[in-house]
Amino acid sequence: MKLTINGDEYDIAESPPRPLLWVLRDELGLTGTKFGCGAGFCGACTVHINGEAVRSCVTPLTTINGEVRTIEGLPTVADDGMITLHPVQQAFLEDQVPQCSWCMSGQIMTAAAFLAKNPIPNENEIVEAMGENYCRCGCYFRIKGAVAKAAEQLATQEETAV
Ligand code: FES
Ligand code: FES
């Protein structure tokens with residue numbers, strides 16, 4: 001089957017049946033997406049399908065109908081090759097959010113999908129949106145702050161663009 005991931009088209013065998021996460025990590029080498037629980041609970045494996053945050057460990061390959069984006073495809077790349085991090089990535093970096101970092105790709109992908117839908121969230125909305133992504137290092141306070149910071153950054157970009 002054909003699958004578009006981060007703007008590139010791949011030809012991927014449909015069998016044996018396997019979740020998207022296995023394909024990303026083991027077949028395509030896109031190891032930025034992490035394996036945590038493998039059961040849809042922790043959020044470490046979150047990617048976007050058509051802009052929606054989904055858990056790739058419980059997403060069967062053959063059910064995918066749309067474009068996949070992983071953490072590797074979140075930055076924008078200009079024609080001259082210049083890479084610009086997504087505001088969520090930039091905020092997580094500036095605020096030094098991660099400890100071990102294992103959950104962070106999923107946190108960032110969840111936050112990016114959330115802010116695309118709700119660019120001016122209040123604190124409660126951020127907590128709720130991020131509440132199903134677990135961090136064993138307990139970085140929740142910094143995660144919340146960085147998502148709020150990214151929202152401010154996105155709002156500034158919008159104003160500048162108008
Ligand atoms: S590894 Fe997918 S939700 Fe935990
Ligand atoms: S930074 Fe270690 S699990 Fe979140």
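Keep in mind that this is a model prediction, so the values were computed, not measured.

J.: Quick one: what's the story with the side chain of Thr46, residue by residue and with numbers?
T.: Residue placement: Thr46 occurs in strand E3 (residues 46-49). With relative accessibility at 2%, the residue Thr46 sits in the buried group. Among the polar contacts listed, one links the side chain of Thr46 to the backbone oxygen of Gly43, at a separation of 2.7 Å. If sequence neighbours within four positions are ignored, Thr46 has contacts with Thr33, Ala53, Val54, Arg55, Gly106, Met109, Thr110 and Asn133.

J.: Could you give an account of the domain arrangement of the protein, with specific residues and numbers?
T.: Splitting the protein by domain gives domain 1 (2-73) and domain 2 (76-161). Across the boundary between the two partners, domain 1 contributes 19 residues, which contact 13 residues of domain 2. Glu52 is the partner of Lys117 in a salt bridge, and the nearest nitrogen-oxygen pair spans 2.8 Å. Across the domain 1-domain 2 interface, the total number found is eight residue pairs in polar contact (both at pLDDT 80 or more). Those elements that place two or more of their residues in the side of domain 1 that touches domain 2 are E3 and strand E4 (52-55).

J.: Lay out helix H2 (residues 87-94) in plain terms, naming residues and giving numbers.
T.: Along H2, the residues that are buried comprise Pro87, Val88, Gln89, Ala91 and Phe92. Elements that come into contact with the buried residues of H2 comprise helix H3 (104-117) and helix H5 (140-161). Where H2 terminates, the next one or two residues include Gln96, which has phi positive at roughly 50°.

J.: Tell me what's going on with the pattern of salt bridges, and back it up with residues and numbers.
T.: The final tally for this structure, using the stated rule, is six salt bridges. Salt bridges linked by common partners bring Glu94, Asp95 and Lys149 together as one network.

J.: An account of the environment of Leu85 is needed here, citing residue identities and associated values.
T.: Considering the arrangement of structural elements, one finds Leu85 in the loop between strand E7 (83-84) and H2. We classify Leu85 as partly exposed; its relative accessible area is 31%. Residues Leu85 and Asp8, spaced 77 residues apart in sequence, show a C-alpha to C-alpha distance of 19 Å. Among all residues touching Leu85, those that are not within four sequence positions of it are Pro75, Gln90 and Leu93.

J.: Outline the packing of helix H4 (residues 123-130) against H5, listing residues and values.
T.: Between two packed helices, both the angle of their axes relative to each other and the distance between the axes serve to describe the pair. Taken N-terminus to C-terminus, the directions of H4 and H5 make an angle of 120°; their axes are 10 Å apart at the nearest point. By the criterion of interaxial angle, the relationship of H4 to H5 is oblique. Classified by chirality, the crossing of H5 by H4 is right-handed. Where H4 abuts H5, its residues Glu123, Ile126, Val127 and Met130 lie against Ile143, Lys144, Val147 and Ala148.

J.: Talk me through the packing of aromatic side chains; I want residue IDs and the actual numbers.
T.: What the rule picks out here adds up to one aromatic pair. Ring geometry for Trp22 and Phe35: centres 5.8 Å apart, planes at 85°, overall edge-to-face. In this pair, Trp22 is assigned in helix H1 (residues 20-27) and Phe35 in the loop between H1 and E3, connecting sequence segments 13 residues apart. Over the ring of Trp102 we find Lys34; its NZ or CZ atom is 5.0 Å from the centre of that ring.

J.: Talk me through the nonpolar core; I want residue IDs and the actual numbers.
T.: Within the largest apolar cluster, 24 residues are counted, with the highest numbers of intra-cluster contacts made by Val88, Phe92, Val97, Met104, Leu115, Ile143 and Val147. Those elements giving two or more residues to this core turn out to be H2, H3, H4 and H5. Here this core gets seven residues from one element, more than from any other, and that element is H3. Phe92 has contacts with Val97, Pro98, Met104, Gln107, Ile108, Ile143, Ala146 and Val147, leaving out every residue within four places of it along the chain. Core analysis: the second largest hydrophobic core is formed by 13 residues, Ile12, Leu20, Leu24 and Val47 among them.

Conventions and cut-offs
Residues numbered from 1 in each chain as written. Chains lettered and ligands numbered in written order. Predicted model: local features only at pLDDT ≥ 70, side-chain atom pairs only at ≥ 80, totals over all residues. Heavy atoms only, no water. Helix = DSSP H or I, 4+ residues; strand = E, 2+ residues; numbered from the N terminus. Buried < 20%, exposed > 50% of the residue type's maximum accessible area, 1.4 Å probe, protein only. Polar contact = N/O pair within 3.5 Å; in protein donor to acceptor, adjacent residues only side chain to side chain. Contact = heavy atoms within 4.5 Å. Domains from an automatic or database assignment. Salt bridge = Lys/Arg side-chain N within 4 Å of Asp/Glu carboxyl O. Axes fitted to C-alpha atoms, helices over the stretch in contact; angles between N-to-C directions. Parallel < 35°, antiparallel > 145°, perpendicular 65-115°, else oblique. Left-handed = near helix turned anticlockwise from the far one by under 90°. Phe/Tyr/Trp six-rings, centres within 6.5 Å; stacked < 30°, edge-to-face > 60°. Lys NZ or Arg CZ within 6 Å of the ring centre and 35° of its normal. Core = buried A, V, L, I, M, F, W, Y, C linked by side-chain atoms within 4.5 Å.

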